[in-house]
Amino acid sequence: MKVVLLIPCLLIYNPLFAQWTLQTSGTSNELNSVHFESASVGWSVGSSGKILKTTDGGATWTSQTSGTTEDLYTVWFVDSNTGWVAGSNGTIQKTTNGGTSWTAQTSGLFGYILSITFVDINTGYAVGSSGKIIKTTNGGTNWSAKTSGTTQSLESVYFINSNTGFATGGTGTIIKTTNGGTNWSSLTSGTSTGLFSVFFVDANIGYVVGYSGEMRKTTNGGTSWSS
(Lines give C-alpha, C1' and ligand atoms only; values in the text may rest on other atoms or scores of the structure.)
Protein backbone atom coordinates (compact mmCIF):
# COMPACT_ATOMS: atom_id res chain seq x y z
CA MET A 1 0.00 0.00 0.00
CA LYS A 2 1.36 3.40 -0.96
CA VAL A 3 1.41 5.83 1.90
CA VAL A 4 1.23 9.55 1.20
CA LEU A 5 2.50 11.66 4.04
CA LEU A 6 0.92 15.08 4.22
CA ILE A 7 3.03 17.60 6.09
CA PRO A 8 1.16 20.75 7.04
CA CYS A 9 2.97 23.96 6.22
CA LEU A 10 3.23 26.48 9.01
CA LEU A 11 2.66 29.93 7.57
CA ILE A 12 4.39 32.50 9.70
CA TYR A 13 3.17 36.04 9.25
CA ASN A 14 6.33 38.07 8.97
CA PRO A 15 5.67 41.16 6.84
CA LEU A 16 8.69 42.71 5.18
CA PHE A 17 9.07 46.44 5.39
CA ALA A 18 11.51 48.71 3.61
CA GLN A 19 14.33 49.43 6.00
CA TRP A 20 15.99 52.82 6.33
CA THR A 21 19.05 53.45 8.49
CA LEU A 22 20.51 56.75 9.58
CA GLN A 23 23.77 57.61 7.83
CA THR A 24 26.40 60.01 9.08
CA SER A 25 27.06 62.80 6.58
CA GLY A 26 29.70 64.59 8.62
CA THR A 27 28.14 67.99 7.98
CA SER A 28 25.44 70.18 9.48
CA ASN A 29 24.88 71.93 6.14
CA GLU A 30 21.46 71.59 4.57
CA LEU A 31 21.65 68.85 1.93
CA ASN A 32 19.40 69.39 -1.08
CA SER A 33 20.12 66.67 -3.62
CA VAL A 34 21.70 63.23 -3.97
CA HIS A 35 22.76 61.20 -6.99
CA PHE A 36 24.30 57.73 -7.21
CA GLU A 37 26.31 56.63 -10.22
CA SER A 38 26.37 53.03 -8.97
CA ALA A 39 25.35 51.06 -5.89
CA SER A 40 28.51 52.23 -4.14
CA VAL A 41 29.44 55.65 -5.53
CA GLY A 42 27.31 58.73 -4.97
CA TRP A 43 27.33 62.46 -4.24
CA SER A 44 25.20 64.84 -2.20
CA VAL A 45 25.17 68.65 -2.36
CA GLY A 46 23.92 71.43 -0.14
CA SER A 47 24.27 74.90 1.28
CA SER A 48 27.44 77.01 1.07
CA GLY A 49 28.92 74.94 -1.76
CA LYS A 50 28.93 71.67 0.18
CA ILE A 51 29.66 68.53 -1.86
CA LEU A 52 29.94 65.10 -0.25
CA LYS A 53 31.00 61.82 -1.87
CA THR A 54 30.61 58.20 -0.81
CA THR A 55 32.31 55.14 -2.29
CA ASP A 56 30.79 52.56 0.06
CA GLY A 57 27.07 52.96 -0.53
CA GLY A 58 26.68 55.80 1.95
CA ALA A 59 28.32 54.20 4.97
CA THR A 60 30.87 57.04 4.99
CA TRP A 61 30.98 60.41 3.26
CA THR A 62 33.93 62.70 2.50
CA SER A 63 33.79 66.40 1.74
CA GLN A 64 34.99 67.66 -1.64
CA THR A 65 36.27 71.12 -2.53
CA SER A 66 33.60 72.61 -4.78
CA GLY A 67 35.25 75.94 -5.49
CA THR A 68 32.07 77.86 -4.65
CA THR A 69 30.24 79.12 -1.58
CA GLU A 70 26.91 79.35 -3.39
CA ASP A 71 24.08 77.10 -2.20
CA LEU A 72 23.93 73.95 -4.34
CA TYR A 73 20.52 72.43 -5.11
CA THR A 74 21.18 69.69 -7.66
CA VAL A 75 23.78 67.13 -8.76
CA TRP A 76 24.02 64.77 -11.74
CA PHE A 77 26.71 62.35 -12.96
CA VAL A 78 26.85 60.54 -16.31
CA ASP A 79 29.62 58.18 -15.18
CA SER A 80 32.05 57.75 -12.30
CA ASN A 81 34.16 60.72 -13.42
CA THR A 82 31.97 63.31 -15.11
CA GLY A 83 29.33 65.26 -13.24
CA TRP A 84 27.76 68.64 -12.59
CA VAL A 85 26.38 70.52 -9.60
CA ALA A 86 24.29 73.69 -9.75
CA GLY A 87 22.63 76.20 -7.47
CA SER A 88 22.10 79.84 -6.56
CA ASN A 89 23.10 82.77 -8.77
CA GLY A 90 23.22 80.52 -11.83
CA THR A 91 26.13 78.51 -10.45
CA ILE A 92 27.22 75.42 -12.38
CA GLN A 93 30.36 73.47 -11.49
CA LYS A 94 31.73 70.48 -13.46
CA THR A 95 34.13 67.68 -12.58
CA THR A 96 35.85 65.19 -14.89
CA ASN A 97 37.73 63.31 -12.16
CA GLY A 98 34.99 62.10 -9.84
CA GLY A 99 34.84 65.32 -7.84
CA THR A 100 38.52 65.64 -6.92
CA SER A 101 38.39 69.06 -8.57
CA TRP A 102 35.57 71.22 -9.89
CA THR A 103 35.58 74.03 -12.48
CA ALA A 104 33.00 76.78 -12.92
CA GLN A 105 30.81 76.97 -16.02
CA THR A 106 28.91 80.01 -17.29
CA SER A 107 25.17 79.36 -17.30
CA GLY A 108 24.00 82.84 -18.28
CA LEU A 109 21.43 82.77 -15.46
CA PHE A 110 21.30 85.03 -12.41
CA GLY A 111 18.58 83.20 -10.49
CA TYR A 112 18.41 79.76 -8.92
CA ILE A 113 19.17 76.54 -10.77
CA LEU A 114 17.10 73.92 -8.98
CA SER A 115 17.55 70.83 -11.16
CA ILE A 116 20.08 69.59 -13.70
CA THR A 117 20.12 66.46 -15.84
CA PHE A 118 22.19 65.05 -18.70
CA VAL A 119 21.14 62.52 -21.33
CA ASP A 120 24.76 61.87 -22.32
CA ILE A 121 28.19 63.36 -21.66
CA ASN A 122 27.45 66.33 -23.95
CA THR A 123 23.73 67.08 -23.80
CA GLY A 124 22.19 68.44 -20.63
CA TYR A 125 19.41 70.63 -19.28
CA ALA A 126 18.98 72.82 -16.20
CA VAL A 127 15.84 74.51 -14.86
CA GLY A 128 15.13 77.02 -12.14
CA SER A 129 13.47 80.21 -11.02
CA SER A 130 10.96 82.13 -13.18
CA GLY A 131 10.52 79.25 -15.63
CA LYS A 132 14.11 79.33 -16.83
CA ILE A 133 15.41 76.41 -18.94
CA ILE A 134 18.90 76.19 -20.39
CA LYS A 135 20.52 73.52 -22.57
CA THR A 136 24.07 72.51 -23.43
CA THR A 137 25.29 70.30 -26.27
CA ASN A 138 28.99 70.44 -25.41
CA GLY A 139 29.19 69.22 -21.85
CA GLY A 140 28.36 72.56 -20.28
CA THR A 141 30.97 74.73 -21.97
CA ASN A 142 28.10 76.76 -23.44
CA TRP A 143 24.47 76.99 -22.38
CA SER A 144 21.56 78.42 -24.39
CA ALA A 145 18.21 79.60 -23.04
CA LYS A 146 14.98 77.83 -24.08
CA THR A 147 11.42 79.15 -23.91
CA SER A 148 9.49 77.16 -21.32
CA GLY A 149 6.13 78.90 -21.70
CA THR A 150 5.81 79.46 -17.95
CA THR A 151 7.04 81.94 -15.37
CA GLN A 152 6.54 79.48 -12.53
CA SER A 153 9.63 78.30 -10.73
CA LEU A 154 10.73 74.97 -12.23
CA GLU A 155 11.88 72.57 -9.52
CA SER A 156 12.75 69.38 -11.42
CA VAL A 157 13.66 68.19 -14.92
CA TYR A 158 13.96 64.65 -16.26
CA PHE A 159 14.57 63.29 -19.76
CA ILE A 160 13.50 59.84 -20.93
CA ASN A 161 15.73 60.05 -24.00
CA SER A 162 17.46 62.68 -26.11
CA ASN A 163 14.15 64.13 -27.34
CA THR A 164 11.49 63.64 -24.66
CA GLY A 165 11.65 65.36 -21.30
CA PHE A 166 9.49 66.80 -18.54
CA ALA A 167 9.82 69.63 -16.03
CA THR A 168 7.67 70.41 -12.99
CA GLY A 169 7.19 73.37 -10.72
CA GLY A 170 4.89 75.82 -8.97
CA THR A 171 1.07 75.65 -8.98
CA GLY A 172 0.93 72.17 -10.49
CA THR A 173 3.09 73.04 -13.48
CA ILE A 174 4.12 70.17 -15.76
CA ILE A 175 5.66 70.89 -19.15
CA LYS A 176 6.87 68.46 -21.80
CA THR A 177 9.20 68.55 -24.80
CA THR A 178 9.45 66.01 -27.61
CA ASN A 179 12.15 67.78 -29.63
CA GLY A 180 15.06 68.07 -27.25
CA GLY A 181 13.91 71.19 -25.45
CA THR A 182 13.31 73.39 -28.48
CA ASN A 183 9.60 73.62 -27.69
CA TRP A 184 7.70 72.90 -24.46
CA SER A 185 3.97 72.32 -24.03
CA SER A 186 1.93 72.61 -20.86
CA LEU A 187 0.26 69.47 -19.49
CA THR A 188 -2.82 69.31 -17.28
CA SER A 189 -1.62 67.95 -13.95
CA GLY A 190 -4.99 68.07 -12.17
CA THR A 191 -3.55 69.92 -9.20
CA SER A 192 -2.54 73.45 -8.25
CA THR A 193 -0.01 72.18 -5.71
CA GLY A 194 3.67 72.92 -6.25
CA LEU A 195 5.42 69.90 -7.78
CA PHE A 196 9.00 69.37 -6.66
CA SER A 197 10.18 66.26 -8.49
CA VAL A 198 9.46 64.25 -11.66
CA PHE A 199 10.62 60.78 -12.71
CA PHE A 200 9.69 58.41 -15.54
CA VAL A 201 10.35 54.67 -15.63
CA ASP A 202 9.63 54.48 -19.36
CA ALA A 203 8.02 56.55 -22.11
CA ASN A 204 4.55 56.12 -20.63
CA ILE A 205 4.77 55.68 -16.87
CA GLY A 206 5.86 58.61 -14.74
CA TYR A 207 5.37 60.20 -11.35
CA VAL A 208 5.41 63.70 -9.88
CA VAL A 209 5.45 64.62 -6.20
CA GLY A 210 5.03 67.87 -4.34
CA TYR A 211 3.75 69.92 -1.47
CA SER A 212 1.50 68.42 1.23
CA GLY A 213 2.13 64.84 0.17
CA GLU A 214 0.92 65.38 -3.40
CA MET A 215 1.71 62.43 -5.68
CA ARG A 216 0.39 61.91 -9.20
CA LYS A 217 0.96 59.25 -11.85
CA THR A 218 0.64 59.07 -15.64
CA THR A 219 0.46 55.93 -17.76
CA ASN A 220 0.22 57.70 -21.12
CA GLY A 221 3.31 59.86 -21.29
CA GLY A 222 1.81 62.77 -19.40
CA THR A 223 -1.41 63.23 -21.36
CA SER A 224 -3.38 62.64 -18.16
CA TRP A 225 -2.46 62.32 -14.49
CA SER A 226 -4.24 60.59 -11.61
CA SER A 227 -3.90 61.20 -7.89
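*Asks:* An account of the environment of Tyr73 is needed here, citing residue identities and associated values.
*Replies:* Take Tyr73: it is sitting in strand 5 (residues 72-77). Remark: the alpha-carbon pair of Tyr73 and Glu155, spanning 82 residues in sequence, is separated by 9.7 Å. Apart from the residues within four sequence positions on either side, Tyr73 is in contact with Asn32, Ser33, Val45, Ala86, Gly87, Ser88, Tyr112, Ile113 and Leu114.

*Asks:* Now, about the pairing of strand 1 (residues 31-36): what can you tell me, with residues and values included?
*Replies:* Where strand 1 and strand 2 (residues 42-46) come together, five bridges link them in antiparallel fashion. From the neighbouring strand, Ser33 faces strand 2, where its bridge partner is Val45. Counting the residues between successive antiparallel strands, the hairpin from strand 1 to strand 2 contains five residues.

*Asks:* Could you give me a rundown of the sheet that holds strand 13 (residues 154-159), with the residues and numbers involved?
*Replies:* Strand order in the open sheet formed by four strands is 13-14-15-16, with antiparallel pairing between adjacent strands. Since the sheet does not close on itself, it has two edges, and those belong to strand 13 and strand 16 (185-187), each with one partner. Shown here is a sheet whose adjacent strand axes are inclined to one another by a mean of 25 degrees, direction ignored. One ladder, built from four bridges, connects strand 14 (residues 165-169) with strand 15 (residues 174-177); its direction is antiparallel. From the neighbouring strand, Phe166 faces strand 15, where its bridge partner is Lys176.

*Asks:* For the sheet that holds strand 5, give the residues involved together with the corresponding values.
*Replies:* The four strands lie next to each other as 5-6-7-8, forming an open sheet whose pairing is antiparallel. Because the sheet does not close on itself, it has two edges, and the strands there are strand 5 and strand 8 (103-105). Here the strands of the sheet are splayed against their neighbours by 25 degrees on average, with no regard to which way each runs.

*Asks:* Please set out the layout of surface pockets residue by residue, giving values where relevant.
*Replies:* Empty space left among the atoms is revealed by rolling a probe the size of a water molecule over them. The volume enclosed by the largest pocket comes to roughly 230 Å³. In this structure, the largest pocket is lined by 14 residues; those nearest its centre are Ser115, Ser156, Val157, Ser197 and Val198.

*Asks:* I'd love a proper account of unusual backbone geometry, names of residues and values included.
*Replies:* Even without being a glycine, Ser130 presents a positive backbone phi close to 60 degrees. As for its placement among the helices and strands, Ser130 is situated in the loop between strand 10 (124-128) and strand 11 (133-136). With a phi close to 50 degrees, Thr171 is a non-glycine residue in the positive phi region. Checked against the element boundaries, Thr171 lands in the loop between strand 14 and strand 15.

*Asks:* Could you give me a rundown of the packing of aromatic side chains, with the residues and numbers involved?
*Replies:* Evaluated as defined, the whole model comprises 11 aromatic pairs. Consider the rings of Trp43 and Phe77, whose centres lie 3.4 Å apart with planes at 10 degrees: the pair is stacked. Of this pair, Trp43 sits in strand 2 while Phe77 is found in strand 5, placing the two residues 34 residues apart along the sequence. Exposure class is identical for Trp43 and Phe77. Each is buried. For the pair Phe166 and Phe200, a centre-to-centre distance of 4.0 Å together with 10 degrees between the ring planes defines the contact as stacked. You can see Phe166 sitting in strand 14 and its partner Phe200 sitting in strand 17 (residues 195-200), a full 34 residues away along the chain. Put simply, the rings of Trp43, Phe77 and Trp102 touch in pairs and so form one group of aromatic residues.

How each quantity is defined
- For every chain, the first residue of the written sequence is number 1, and numbering continues from 1 onward in sequence order.
- Owing to the predicted nature of the model, reporting of local features is limited to residues with pLDDT of at least 70; listing and counting of side-chain atom pairs is limited to 80 or more, with chain, interface and lining totals taken over all residues.
- Each side-chain value is worked out from all heavy atoms of the structure, with water and hydrogens disregarded.
- Numbering of helices and strands runs from the N terminus, with a helix taken as a DSSP run of H or I at least four residues long and a strand as a DSSP run of E at least two residues long.
- A contact between two residues is defined here by any heavy atoms of the two lying within 4.5 Å.
- A strand pair is defined by DSSP finding two or more bridges across the two strands.
- Between N-to-C directions, angles cover 0 to 180 degrees, with each direction set by a line fitted to C-alpha atoms, over the stretch in contact for helices.
- Any residue with an atom within 4 Å of a point lines the site, the site being either a cavity, points on a 1 Å grid over the protein atoms alone where a 1.4 Å probe fits but cannot get out, or a pocket, an open set with protein on both sides within 12 Å along at least 5 of 7 lines.
- Grid points are joined across faces, edges and corners, and a volume is the space filled by probe spheres set on the points.
- In this scheme Phe, Tyr and Trp rings, the latter by its six-membered ring, pair at centre separations within 6.5 Å, and the angle between planes marks the pair as stacked below 30 degrees, edge-to-face above 60, and tilted otherwise.
- The buried label applies to any residue whose accessible area, calculated with a 1.4 Å probe on protein chains only, is under 20% of its type's maximum; exposed applies above 50%, and partly exposed to all values in between.

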